[in-house]
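A structural walkthrough
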Amino acid sequence: MSRPEPPAARDLTELIFGYGLILFILWMPEFPQRIFSPVAFLVTLAIVLARRPTLDDLGLARRGLASSFWILPAAIVLAVVSVLAAKRIGTLHPLYKADFQHVAGYVLWTLYQQFLLNDLFMPRLTRLLPSEGAAVGLAAVLFATAHLPNLPLTAATLVWGAISCALFRRYHNLYALGLAQALLGLCFAICVPDALHHHLRVGLGYLRYRGVQPAP
């Protein structure tokens, strides 16, 4: 027997609560944000896992892994073209905190963002809205809005949010999407001037950016 569809009220409540919690954390000062970010991770994880999804449901199994593999090489090609263009126009610059810990942490962060986008937002929006296209569009808007007031990053994530949702609906696998987002995000960081994206910060961190470089 198939599992019964959850009531719309529950979908809407989980969507509002989960997204509201994420925005609340993003607009906190840095110190409390470091404390409460793990809380947001656990709460959003609990919201998704409370429905008892399988690894296939979450996009964390082998389903679609091979067929979605082309996404990563495509992202690499786009990144190389972007770097060459940035070098030509003079905006290419070193990555802020280019150590392994920082880069690895960013990769995990992008995987979590894809989890939120495609395992928390999309399933609920798909059940609440009349069409899949409307769900993809609104999910992309929510994803992009979470990156305000960083306007360059908001614009980029609006496009990527829609693309990644559509790709997940087709392949149902998070791995290539998460890695592709990490690669494109790092490319964005070195191709677009820091003065515009403030080290990819969002929320209060973007407004408090002062352009301070890390100590050597």
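Check the entry above for the structure.
What counts, and where the lines are drawn
Residues numbered from 1 in each chain as written. Predicted model: local features only at pLDDT ≥ 70, side-chain atom pairs only at ≥ 80, totals over all residues. Heavy atoms only, no water. Helix = DSSP H or I, 4+ residues; strand = E, 2+ residues; numbered from the N terminus. Contact = heavy atoms within 4.5 Å. Phe/Tyr/Trp six-rings, centres within 6.5 Å; stacked < 30°, edge-to-face > 60°. Buried < 20%, exposed > 50% of the residue type's maximum accessible area, 1.4 Å probe, protein only. Core = buried A, V, L, I, M, F, W, Y, C linked by side-chain atoms within 4.5 Å. Expected span 1.5 Å × (residues − 1). Arc of directions from axis to C-beta. Polar contact = N/O pair within 3.5 Å; in protein donor to acceptor, adjacent residues only side chain to side chain.

With respect to the helices and strands, the residue leucine 148 is situated in the loop between helix H6 (132-145) and helix H7 (151-171). Expressed as a C-alpha distance, the spacing of leucine 148 and arginine 52, which sit 96 residues apart in the sequence, is 32 Å. Excluding residues that lie within four positions of it along the chain, leucine 148 makes contacts with Trp27, Thr154, Val202 and Gly203.

Turning our eyes to something else, we now look at the packing of aromatic side chains. What the rule picks out here adds up to five aromatic pairs. With 5.6 Å between their ring centres and 75° between their planes, tyrosine 19 and phenylalanine 121 make a pair best called edge-to-face. Within this pair, whereas tyrosine 19 is found in helix H1 (residues 8-26), its partner phenylalanine 121 is found in helix H5 (residues 100-128), the two being separated by 102 residues in sequence. Here tyrosine 19 and phenylalanine 121 have matching classes, each one buried. Judged by centre distance (6.3 Å) and plane angle (70°), the ring pair of tryptophan 70 and tyrosine 171 falls under edge-to-face. Linking tryptophan 70 in the loop between helix H3 (55-58) and helix H4 (71-89) with tyrosine 171 in helix H7, this pair joins segments that are 101 residues apart in sequence. Classification of tryptophan 70 by relative accessible area gives partly exposed; the value is 43%.

Counting 41 residues, the largest nonpolar core has Ile71, Phe115, Phe121 and Leu125 as the members making the most contacts within it. Those elements that place two or more of their residues in this core are H1, helix H2 (30-49), H4, H5, H6, H7 and helix H8 (175-191). At nine residues, the largest contribution of residues to this core is made by H5. Beyond its immediate sequence surroundings of up to four residues, leucine 125 is in contact with Leu15, Ala135, Leu138, Ala139 and Leu142. Within the second largest apolar cluster, five residues are counted, among which are Ala79, Ala86, Cys187 and Cys191.

This part is about H4. Between the first and last C-alpha of H4 there are 27 Å, a value that for 19 residues agrees with the 27 Å anticipated at 1.5 Å per step. Listed as buried for H4 are Ile71, Ala75, Ala79 and Ala86. Taken down its axis, H4 places every buried residue within 70° of arc, on the same side. Turned more than 90 degrees away from the buried face of H4, the exposed residues are Val77, Leu84, Lys87 and Arg88.

Within the element layout of this structure, glutamine 181 appears in helix H8. Judged by relative accessible area, glutamine 181 falls into the buried class, the value being 7%. At 3.1 Å, the side chain of glutamine 181 forms a polar contact with the side chain of glutamine 113. Within the structure, glutamine 181 has its side chain in polar contact with the side chain of glutamine 114 (distance 2.7 Å).

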